[in-house]
Amino acid sequence: MRTVSDWTHYDIERFISRYLWRPLQLLASAVHPLPILGGVALFVIFAFTGQLRELYYANAEILLSREWFGHALLGGISLSIASAALYLTNYKLASIKIDTAYGGNADTDRWLRAVRALVGGLAAYLPWLGVGVGFFEAARHAQATLTAVGSIQMQSADLAKVAQGLDKTQSNLWIAAAVVAIVGVLVVAVIHRLRHNGMFRSVATAMVIVVICVLALAPIPLEPRSPLHLPAVVALMPDPIALFRAFGPIGTIALTFTALYAFLAVIALLALRISFPVLPVALVIVTLMVLIDLRPEVIAWTAMACFLVIAGLGLASRRVELAVLSLLLGVLAANSARQLSGLGQPSVAQQQAPETAPKLSEAVAREGASVPTIGDAFGAWLAARADEREAFAQAG
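Residues numbered from 1 in each chain as written. Predicted model: local features only at pLDDT ≥ 70, side-chain atom pairs only at ≥ 80, totals over all residues. Heavy atoms only, no water.

On to the overall build of the protein chain, then. Of regular secondary structure, the protein chain possesses 15 helices and 0 strands. The buried share of the protein chain, taken over its 396 residues, is 32%. Of the roughly 24800 Å² of accessible surface on the protein chain, a fraction of 68% belongs to carbon and sulfur atoms. (Helix = DSSP H or I, 4+ residues; strand = E, 2+ residues; numbered from the N terminus. Buried < 20%, exposed > 50% of the residue type's maximum accessible area, 1.4 Å probe, protein only. Areas by Shrake-Rupley, 256 points an atom, 1.4 Å probe, with all protein chains shown as cover.)

Okay, structure coming up:
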């Protein structure tokens, strides 16, 4: 006969299993970590990168101008492409996991597909939310600066003009944050609405391919000595500097992320279809790099060789997906090995430094008498604003 403590323990165990472990199991069966991690990565970059704060200020200063509309349009297109890539890859990866685990259970299948849509929408919205939070944080920083300026007892005409301009910029920052948040919701809603449309998926895939090609070919006109510097390629490619300047830093970051994310998404998709343990293999490689006393580039080259051997075996056995996956992993390992091999080697500028240093020192010695140093110029700038500095210091 069961005692009261046994029934209590049983009830607690059943409650935990039903309302904690079972939902987590279902959630793990419907969610692939790659899309949500990609969205979080873009959110962190846009929201908490200090270097982008000046960019948000610059966008707020030219709000609703002709230049702003151009940057906003191209930046919005870039963020939309990134959102579409995140949502559609989540849809595809989660569908494979759901069909594999619970394809025959109608009730569970319906719940998991609702979770899939929720996670995909969140992942697709995170880039927009990151930009909105970036504008919001910039507005808060501007407000704090205005409060500090307002507490200064001794005001000057220049300081009042700066405060007036900053107040206008702060208002524009709030507007920009709200606009980005609303537009992001609309874009994600459109993507969710058209998720079953074959034409939409084809256009989104084509745009991602175009982004990858443009980013791969854009540096070629800037490298005349490169073996890929072919006249035909250079003629077809626009000026890369003007192209990236037109999209702006936000658009360029979003497009670069989309290209890298597409590469990882293809690897994840192929790994799911053939049940290839990508994460365990990566964990084994990292463990080898830590435990074995070999240089990291040696481990990377070895991994590349192993992946190429697997690709060859896959082709020989007509396992095309395994061969493509192994080839992509081999390319990734080769690129990592090439980057690791370049670490610690002196650059061309460093190699030429010993030769150019004496000439540079002589030139500085000749021109030193007529050209003021940065320190002297900054000291004169501070001396001209001694009263404002003293009043600011007294205000705390």
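Picking up after the structure, the text goes on.
Scored by pLDDT, the protein chain has a mean of 75; 70% of the residues are at 70 or more. Least confident of the elements in the protein chain is helix H13 (residues 348–367), whose mean pLDDT is 48; most confident is helix H2 (residues 33–48), at 90. Between residues 346–353, whose pLDDT stays under 50, and residues either more than four places distant or in other chains, the model counts 2 contacts. (pLDDT = per-residue confidence, 0-100. Contact = heavy atoms within 4.5 Å.)

Membership of the largest hydrophobic core comes to 46 residues, with the highest contact counts inside it found for Phe46, Tyr56, Val131, Phe135 and Leu173. Those elements giving two or more residues to this core turn out to be H2, helix H3 (51–61), helix H4 (66–102), helix H5 (106–150), helix H6 (157–193), helix H7 (198–217) and helix H9 (240–274). If we skip the residues at most four places from it in the chain, Tyr56 touches Phe46, Gly130, Val131, Gly134, Phe135, Ala138, Leu173 and Ile250. Met304, Leu328, Leu329 and Ala334 belong to the second largest nonpolar core, which has 11 residues in total. (Core = buried A, V, L, I, M, F, W, Y, C linked by side-chain atoms within 4.5 Å.)

Within the secondary structure layout, Ser78 lies in helix H4. Among residues more than four places away in sequence, those in contact with Ser78 are Phe247, Gly251, Ala254 and Leu255.

A separate point is H2. Compared with the 22 Å implied by 1.5 Å per residue over 16 residues, the 22 Å span of H2 between its first and last C-alpha is a close match. When H2 is considered as a whole, its buried residues turn out to be Leu34, Pro35, Gly38, Gly39, Leu42, Phe43, Phe46 and Ala47. (Expected span 1.5 Å × (residues − 1).)

So, about the packing of aromatic side chains. Within the structure shown, the criterion is met by 4 aromatic pairs. Here Phe136 and Trp174 contribute two aromatic rings whose centre-to-centre distance is 5.2 Å and whose plane-to-plane angle is 70 degrees, an arrangement assigned as edge-to-face. You can see Phe136 sitting in helix H5 and its partner Trp174 sitting in helix H6, a full 38 residues away along the chain. Given a relative accessible area of 36%, Phe136 falls into the partly exposed group. Residues Phe257 and Tyr261 carry aromatic rings whose centres are separated by 5.6 Å and whose planes lie at 20 degrees to one another, so their mutual orientation is stacked. Note that Phe257 and Tyr261 are positioned in helix H9 at a spacing of 4 residues, about one turn of the helix. Note on Phe257: relative accessible area 15%, which makes it buried. By relative accessible area, which is 3% here, Tyr261 ends up buried. (Phe/Tyr/Trp six-rings, centres within 6.5 Å; stacked < 30°, edge-to-face > 60°.)

Considering the arrangement of structural elements, one finds Trp111 in helix H5. Residues Trp111 and Leu27, 84 residues apart in the sequence, show an inter-C-alpha distance of 9.6 Å.

Glancing now at the pattern of salt bridges. Throughout the structure, instances matching the rule amount to 1 salt bridge. We note a salt bridge from Glu137 to Arg140, for which the minimum N-O separation is 3.5 Å. Of the two residues, Glu137 and Arg140 are both situated in helix H5; the distance of 3 residues between them amounts to about one turn of the helix. Given the relative accessible area of 26%, Glu137 is considered partly exposed. (Salt bridge = Lys/Arg side-chain N within 4 Å of Asp/Glu carboxyl O.)

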